[in-house]
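# Inside the fold
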Amino acid sequence: MRRGKIAWVWLLGITLPCLLMMGCGKRVTRVEAGDQTQVYHRGNGADPSDLDPQLITGDIEHHIVSSLLEGLVAEDPKDLHPVPGVAERWEISEDGKTYTFYLRKNARWSNGDAVTADDFYKSYQRILSPGLGSEYNYMLFVVENAEEFNTEKVKDFKQVGFQVIDPYTFQVKLKNSTPYFLSLITHPSWYPVHMPTILKFGKMDERGTRWTRPGNFVGNGAFRLSEWKVNNVLVVTNSPTYWDAKVVRLKEIRFYPTDNQDAEERSFRAGQLHSTYEVPLTKIEVYKKQYPDLIHIDPLLSTYFYRVNVKKPPMDNLKLRKALAMAIDRELIVEKIRRGGELPAYNLTPPGTAGYTARAQIKKDFAGAKKLLAEAGYPDGKGCPPIEILINTHEAHKTIAEAIQSMWKENLGLEVTIANQEWKVYLDTQKRIDYQVCRAGWSGDYVDPNSFLDLFLTGGGNNETGWSNKEYDNLIAEAGRTGDQQKRMEVFQKAEAILMDELPIIPIYFYTRPVLRQPSLKGYYPNILDLHPFKWVYLESTPGKKE
């Protein structure tokens, strides 16, 4: 560890004695040194499961990958409205179904290759390839024949609505007019990948090859991957080949796996981190009262819920699922446990999402839950096999699971156990649907109810519950074809009513994002998707005027 720090400061052109003695002989903290050298130290929740943009599903990975790659369209740092990325401009047809993107000719991959329309064409062919099994391939299903190619109803990719007009002109034809399309394509599933690098380390549709490792990864973003010590640190450095390199002020971002919240908070307090992934539940009130300038409770378009394996007894019993959902005291969880301004959730989609608030909601009803449990065949919990809640390693998830364990015991007489797995193992278990009840959370990829409700389509890559409902599928498809926004929202109301009636999920609360941030972290704006384009972030060693 010590040798790594010495090497790092010499690379920055600063001698170690000079760095350590900045400020009247006082040993400086990692944060103070980073402020001087534009090195951002960031708590990132856990070690990433992968860096392949077409395979990742979590925000832990998203934050890293968004620094390494850039899509056709990027995001404004303040309100996330679409701004030019690799495409310097675009045209939209009168019917809203055809988008023509004009790529900038100075966009480069980190190995110096030009970024061309063919790169996007082949990248989208890869994510839609059935063999890759991308959980996020459905993000491209708005494109003409994309779903049909993925499900092998269409064999020739040339029939899919992507066309290379020339090396710097790329056209996309949609099934229907999609008002949120430009926001949709800022998601990592729409990022380009460097196909020659992927083919160097395996087949086009092969998962888990070494192309994502340091020294192999070729990206087109504002930063490039320089180091990845598993369960220690992942480092990205600013890329000289990035087309807009002149605006990038950070020299380096160091992402630390911080699944222990207490240890992360101690690191922040000791000046080792500029920002945390979260805040320990026991410390939120302390910071709010004593250090209000350091804690930020930001809004978030996100829902905390439990997935339920509807194929595995006894969770295949709908009345049991309803009893479990009704026996949770969500107000207690948000007010006494979370204490970060969260709202109790009685449905999946956060209220006010693009003007939509679900009417169908489950309710808290302990007496009604006991009655349903008896109707399910388990009066006072008798005869019901133990129920296991699967969580990933995280103190807050454990605390919440213990509270729900107690509620189900007290209100229903059920025996409940808690299983804990590391992030990568947990993701794999969830993907295989090898659980009874599983902790989950979902943040909108764009501001629209569809970003939540299309999760639970039959066979969807992020469904992971075994649940299927043909009427629900048809309603989500109908919403995709409906141009009238008021009618479209009514279709979503019907779909969410089915979801809340059959309960392959148990909503618990709507997130906020309590985090700790050093005052020196600038260009970092709160927003409901918790996305912060790092090309605009910088560090200010002397606090200046408020932005």
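Thresholds applied
- Residues numbered from 1 in each chain as written.
- Predicted model: local features only at pLDDT ≥ 70, side-chain atom pairs only at ≥ 80, totals over all residues.
- Heavy atoms only, no water.
- Axes fitted to C-alpha atoms, helices over the stretch in contact; angles between N-to-C directions.
- Helix = DSSP H or I, 4+ residues; strand = E, 2+ residues; numbered from the N terminus.
- Parallel < 35°, antiparallel > 145°, perpendicular 65-115°, else oblique.
- Left-handed = near helix turned anticlockwise from the far one by under 90°.
- Contact = heavy atoms within 4.5 Å.
- Nonpolar A, V, L, I, M, F, W, Y, C, P; charged D, E, K, R; others polar.
- Buried < 20%, exposed > 50% of the residue type's maximum accessible area, 1.4 Å probe, protein only.
- Pairing = 2+ DSSP bridges.
- 1 Å grid on protein atoms, 1.4 Å probe; cavity = no way out; pocket = protein on both sides within 12 Å on 5 of 7 lines; lining within 4 Å.
- Points joined across faces, edges and corners; volume = space filled by probe spheres on them.

The subject of this paragraph is the packing of helix α11 (residues 318-326) against helix α13 (residues 366-375). At their nearest, the axes of α11 and α13 sit 8 Å apart, and the two run at 160 degrees to each other. With respect to their mutual orientation, α11 and α13 come out roughly antiparallel. Read as a crossing pair, α11 and α13 show a hand that is left-handed. Counted together, Lys319, Leu320, Lys322, Ala323 and Met326 of α11 and Phe366, Gly368, Ala369, Leu372, Leu373 and Glu375 of α13 form the full contact between these two elements. Looking at the contact of α11 with α13 residue by residue, the class counts come to seven nonpolar, one polar and three charged.

Most of strand β9 (residues 233-238) sits inside the fold, with five of its six residues counted as buried. Bridge analysis of strand β8 (residues 223-229) against β9 gives six bridges, and the strand direction is antiparallel. Residue Phe223 lies in a different strand from β9, and its bridge partner there is Asn238. Where β8 folds back on β9, the antiparallel hairpin that results is connected by three residues, among which Asn231 adopts a positive phi of roughly 60 degrees. Examined bridge by bridge, β9 and strand β10 (residues 252-256) share four bridges and lie antiparallel to one another. Across the sheet, the residue bridging to Val235 is Arg254, located in β10.

Time to look at the sheet that holds strand β1 (residues 39-43). Across the sheet, which stays open at both edges, the four strands sit in the order β1-β10-β9-β8 with mixed pairing between neighbours. Edge positions in the sheet fall to β1 and β8, since each has one partner strand and no second. On average, each strand axis in the sheet is inclined to that of its neighbour by 20 degrees, with strand direction left out of account. Sheet topology places β1 next to β10; five bridges connect them, and they run parallel.

Attention now goes to empty space enclosed by the protein. Following the criterion strictly, the structure yields three cavities of 30 Å³ or more and no others. Quantified by volume, the largest cavity comes out at close to 280 Å³. Lining the largest cavity are 21 residues, with Ser66, Leu69, Glu75, Tyr191 and Pro533 sitting closest to its centre. Those elements giving two or more residues to the lining of the largest cavity turn out to be α4 (59-68) and β2 (73-75).

Residue Pro314 is bonded to the preceding Pro313 through a cis peptide linkage, with omega at 0 degrees. Despite not being glycine, Gln38 has its phi angle at roughly 60 degrees, a positive value. If you trace the backbone, Gln38 turns up in the loop between α3 (30-37) and β1. Although it is not a glycine, Asp530 adopts a positive phi angle of roughly 55 degrees. Here Asp530 is to be found in the loop between β17 (521-522) and β18 (538-539).

Our next topic: the sheet that holds strand β7 (residues 169-173). Pairing within the open sheet is antiparallel, and its four strands lie in the order β4-β5-β7-β6. In this open sheet, the two strands that pair with only one neighbour each are β4 (87-92) and β6 (162-166). Adjacent strand axes in the sheet meet at a mean angle of 20 degrees when their direction is disregarded. Bridging between β6 and β7 involves four bridges; their strand directions are antiparallel. By the bridge assignment, Asp166 is partnered in β7 with Thr169.

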